[in-house]
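Overview (structure and organization)
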Amino acid sequence: MKLSSFDPDLSSALNRELIRQQTGLEMIPSENFVSPAVLEALGSIATNKYSEGYPGKRYYGGCQEIDVVEQLAIDRAKQLFGAEHVNVQPLSGAPANLAAYAALVPAGGTILGMDLSHGGHLTHGHPVTFIAGVWNFIRYKTTSEGIIDYDQIEKMAHEHKPHLILVGYSGYSREIDYARIKAIADEVGALTMADIAHIAGLIASGEMNNPVPLFDLVSTTTHKTLRGPRGGMILCKEKHKKAVDKAVFPGLQGGPHENVIAAKAVAFKEAALPEFKQYAQQIKKNAKILEGIFQEKGYKLMFGGTDNHLLLVDVTPKGVTGQQTETALNKAGITVNKNMIPDDTRSPMDPSGIRLGTPALTTRGMKEEEMKRIGMWIDEAITHWSDETKLNAIAEEVKELTSHFPLYPDLHY
Ligand code: DSN
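All values derive from a computational prediction rather than experimental measurement.

1. Comments concerning helix H13 (residues 322-331)
Among the residues of H13, those classed as buried are Gly 322, Thr 325, Ala 328 and Leu 329. With its buried residues spanning 130° around the axis, H13 presents them on a single face. Phi turns positive one or two residues past the end of H13, at Gly 333, with a value near 85°.

2. Quick look at the sheet that holds strand S11 (residues 300-301)
Read from one edge to the other, the open sheet built from four strands follows the order S11-S12-S15-S14, with strand pairing classed as antiparallel. Single-partner strands in this sheet number two, and they are S11 and strand S14 (337-339). Sheet topology places S11 next to strand S12 (residues 310-314); two bridges connect them, and they run antiparallel. Across the sheet, Lys 300 pairs through a bridge with Asp 314, a residue of S12. Seen against the sheet, helix H12 (residues 274-296) touches S11, S12 and strand S15 (353-357) and runs at an angle of roughly 15° to S12.

3. Re the UniProt feature "modified residue: N6-(pyridoxal phosphate)lysine" (unreviewed entry) in the chain
Under the present numbering, the feature "modified residue: N6-(pyridoxal phosphate)lysine" (unreviewed entry) in UniProt falls on Lys 224. Tracing the sequence through the fold places Lys 224 in the loop between strand S9 (217-221) and strand S10 (232-236).

4. Considering the nonpolar core
Counting 54 residues, the largest nonpolar core has Phe 81, Ile 165, Val 167, Tyr 178, Ile 196, Leu 226 and Met 233 as its most contacted members. Within the second largest apolar cluster, 32 residues are counted, among which are Ile 334, Trp 377, Leu 391 and Ile 394.

5. A word on the environment of Lys 297
Of note, Lys 297 is situated in the loop between H12 and S11. Residue classification places Lys 297 among the partly exposed residues on the basis of a relative accessible area of 26%. For the pair formed by Lys 297 and Met 376, sequence separation is 79 residues and the distance between their alpha carbons is 9.1 Å. Beyond its immediate chain neighbours, meaning those up to four positions away, Lys 297 contacts Lys 318, Met 376 and Asp 379.

6. Quick look at the packing of aromatic side chains
A full pass over the atoms with the stated rule returns nine aromatic pairs. Plain terms: the ring middles of Phe 294 and Tyr 299 are 5.2 Å apart, the flat faces sit at 85° to each other, and that makes the pair edge-to-face. Each member of the pair, Phe 294 together with Tyr 299, is buried. The aromatic ring of Tyr 279 is capped on one face by Arg 227, whose charged end is 4.0 Å from the ring centroid.

7. A closer look at the site of the ligand
Surrounding the ligand, one finds Ser 30, His 121, Ser 170, His 198, Lys 224 and Arg 355. Here an oxygen atom of the ligand sits 2.7 Å away from a polar atom, N or O, in the side chain of His 198. Within the side chain of Arg 355, an N or O atom sits 2.6 Å from an oxygen atom of the ligand. Protein burial of the ligand: of its 230 Å² of free accessible surface, 63% is covered by the chains. When the residues that make up the shell around the ligand are grouped by side-chain class, the tally is no nonpolar, four polar and two charged.

8. Section: the sheet that holds strand S4 (residues 85-87)
The strand order S4-S10-S9-S8-S7-S5-S6 describes an open sheet built from seven strands, whose pairing is mixed. In this open sheet, the two strands that pair with only one neighbour each are S4 and strand S6 (136-140). This sheet shows a mean twist of 20° between the axes of neighbouring strands, independent of strand direction.

9. Description of the packing of helix H5 (residues 93-104) against helix H10 (residues 241-252)
Where H5 contacts H10, the axes come no closer than 8 Å and their chain directions differ by 120°. In terms of orientation, H5 and H10 fall into the oblique class. Handedness of the crossing formed by H5 with H10: right-handed. Along its contact with H5, which presents Leu 98, Ala 99, Ala 102 and Ala 103, the element H10 presents Ala 243, Val 244, Ala 247, Val 248 and Leu 252. Across the contact of H5 with H10, the residue classes tally to nine nonpolar, no polar and no charged.

10. A word on the pairing of strand S5 (residues 110-114)
Within a regular strand, the side chains alternate between the two sheet faces. Burial of S5 is extensive: five of the five residues sit out of reach of the surface. Where burial is concerned, the two faces of S5 agree: the one with Thr 110, Leu 112 and Met 114 and the one with Ile 111 and Gly 113 are both buried. Relative to S6, S5 is paired through five bridges, and the arrangement is parallel. By the bridge assignment, Ile 111 is partnered in S6 with Phe 137. Note that S5 and strand S7 (residues 164-167) share two bridges and pair parallel. Opposite Ile 111, over in S7, you have Leu 164 as the bridge partner.

11. Considering the side chain of Asn 15
Looking at where Asn 15 falls in the secondary structure, it is placed in helix H2 (residues 8-23). Discounting chain neighbours no more than four positions away, the residues touching Asn 15 are His 412 and Tyr 413.

12. Description of a positive patch on the surface
A cluster of like positive charges, contributed by Lys 57, Lys 241, Lys 242 and Lys 246, occupies part of the molecular surface. Examining the composition of the positive patch, we find that three residues originate from one element, H10, more than from any other. Topologically, Lys 241 is positioned in helix H10. The exposure class of Lys 241 is partly exposed, given its relative accessible area of 34%.

Each value, and the rule that gives it
Residues numbered from 1 in each chain as written. Predicted model: local features only at pLDDT ≥ 70, side-chain atom pairs only at ≥ 80, totals over all residues. Heavy atoms only, no water. Buried < 20%, exposed > 50% of the residue type's maximum accessible area, 1.4 Å probe, protein only. Helix = DSSP H or I, 4+ residues; strand = E, 2+ residues; numbered from the N terminus. Arc of directions from axis to C-beta. Pairing = 2+ DSSP bridges. Contact = heavy atoms within 4.5 Å. Axes fitted to C-alpha atoms, helices over the stretch in contact; angles between N-to-C directions. UniProt positions renumbered as here; feature names shortened; annotations may be inferred. Core = buried A, V, L, I, M, F, W, Y, C linked by side-chain atoms within 4.5 Å. Phe/Tyr/Trp six-rings, centres within 6.5 Å; stacked < 30°, edge-to-face > 60°. Lys NZ or Arg CZ within 6 Å of the ring centre and 35° of its normal. Near = heavy atom within 4 Å. Polar contact = N/O pair within 3.5 Å; in protein donor to acceptor, adjacent residues only side chain to side chain. Areas by Shrake-Rupley, 256 points an atom, 1.4 Å probe, with all protein chains shown as cover. Nonpolar A, V, L, I, M, F, W, Y, C, P; charged D, E, K, R; others polar. Parallel < 35°, antiparallel > 145°, perpendicular 65-115°, else oblique. Left-handed = near helix turned anticlockwise from the far one by under 90°. Patch = residues over 30% accessible without salt bridge, like charges linked within 9 Å, V, L, I, M, F, W, Y side chains within 5 Å. Salt bridge = Lys/Arg side-chain N within 4 Å of Asp/Glu carboxyl O. Lys, Arg positive; Asp, Glu negative; His and termini not counted. Charge placed at Lys NZ, Arg CZ, Asp CG, Glu CD.

Written as structure tokens, this is what we have:
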């Protein structure tokens with residue numbers, strides 16, 4: 001029976017969400033739109049199969065075709081990033097990071113990672129997380145000019161002698177000098193890990209530095225710039241293969257989600273195509289257009305601008321907060337997220353900044369001309385943040401623009 005007849009409540013919610021995605025401007029930098037082929041694999045019968053273990057070494061029978069699926073994903077990811085070993089089973093970014101720490105660092109060991117408000121991630125040791133009670137996280141910050149403070153990392157590495165130095169961020173907009181980090185790690189005998197969740201698509205396409213050849217371990221999600229299904233992955237040196245695989249299963253997870261792994265395989269095939277490189281280049285061009293508009297309009301850009309797909313913007317000089325901005329933009333049909341800025345004096349629920357990015361709009365085919373209009377709408381919506389009539393008028397213009405960039409035109413639940 002079709003979903004719409006069996007479960008009209010659910011199908012209505014999905015159809016409304018489809019319309020929201022189709023008629024709005026999605027600018028949360030960690031979101032994207034997967035291809036119909038990725039969606040098809042995700043909704044495939046691979047979801048029916050239990051397959052604890054790894055290709056060729058499973059605890060359940062009947063895995064011969066599932067082995068093919070998982071091996072395709074592994075081989076394609078290895079090729080894409082130049083990795084010695086890949087584990088495609090992590091359910092998402094947080095479980096991937098947990099498995100990575102478990103594989104590389106004994107409980108109680110020290111990990112040097114970036115502070116959340118300076119662009120790090122909750123799973124990089126924020127005190128509210130479970131992992132912060134298992135490992136001893138020490139946090140470094142960006143400089144007052146807003147870039148990664150490599151000198152501070154070096155000083156802290158000598159002082160704390162960490163087992164692991166961790167880079168890779170979810171709110172940081174600049175390139176990372178992986179060679180410098182590796183040199184610091186070598187000075188103190190630490191291992192190296194990069195969490196490339198946000199920029200994996202830009203790395204796969206050669207548009208940003210690739211830490212995989214240099215670092216011990218790289219973790220990522222597969223659904224951000226990489227444009228695959230919601231999921232995680234670990235890439236590592238051959239010498240860490242056993243520890244990583246053991247940490248993922250049986251250490252932390254049970255049966256892998258093979259439908260998601262099938263969709264990852266499709267996404268990795270797509271990411272190796274020339275069109276994907278063009279998409280990655282356009283993501284950066286689009287972000288640069290927004291950077292120019294924000295600078296011209298007097299906003300404060302954290303880290304001085306962007307080298308990647310995202311911008312972290314302090315909106316308080318405009319007399320508004322991050323929450324007020326998120327709400328106003330939402331009414332105008334533009335989705336962003338409120339975000340803490342480095343050493344923010346406001347609270348996480350109403351911080352000083354917003355974070356926004358260009359991957360999803362670039363996937364829809366939007367380029368420089370559209371970005372200029374969108375940047376102006378964002379500024380207008382922030383300036384008139386409490387004027388409902390103005391925000392509704394922008395939402396109408398947004399709808400008109402999105403109608404020229406069809407998204408899943410044949411889909412209906
Ligand atoms: N929630 C993701 C992001 O938006 O960056 C990271 O976990």
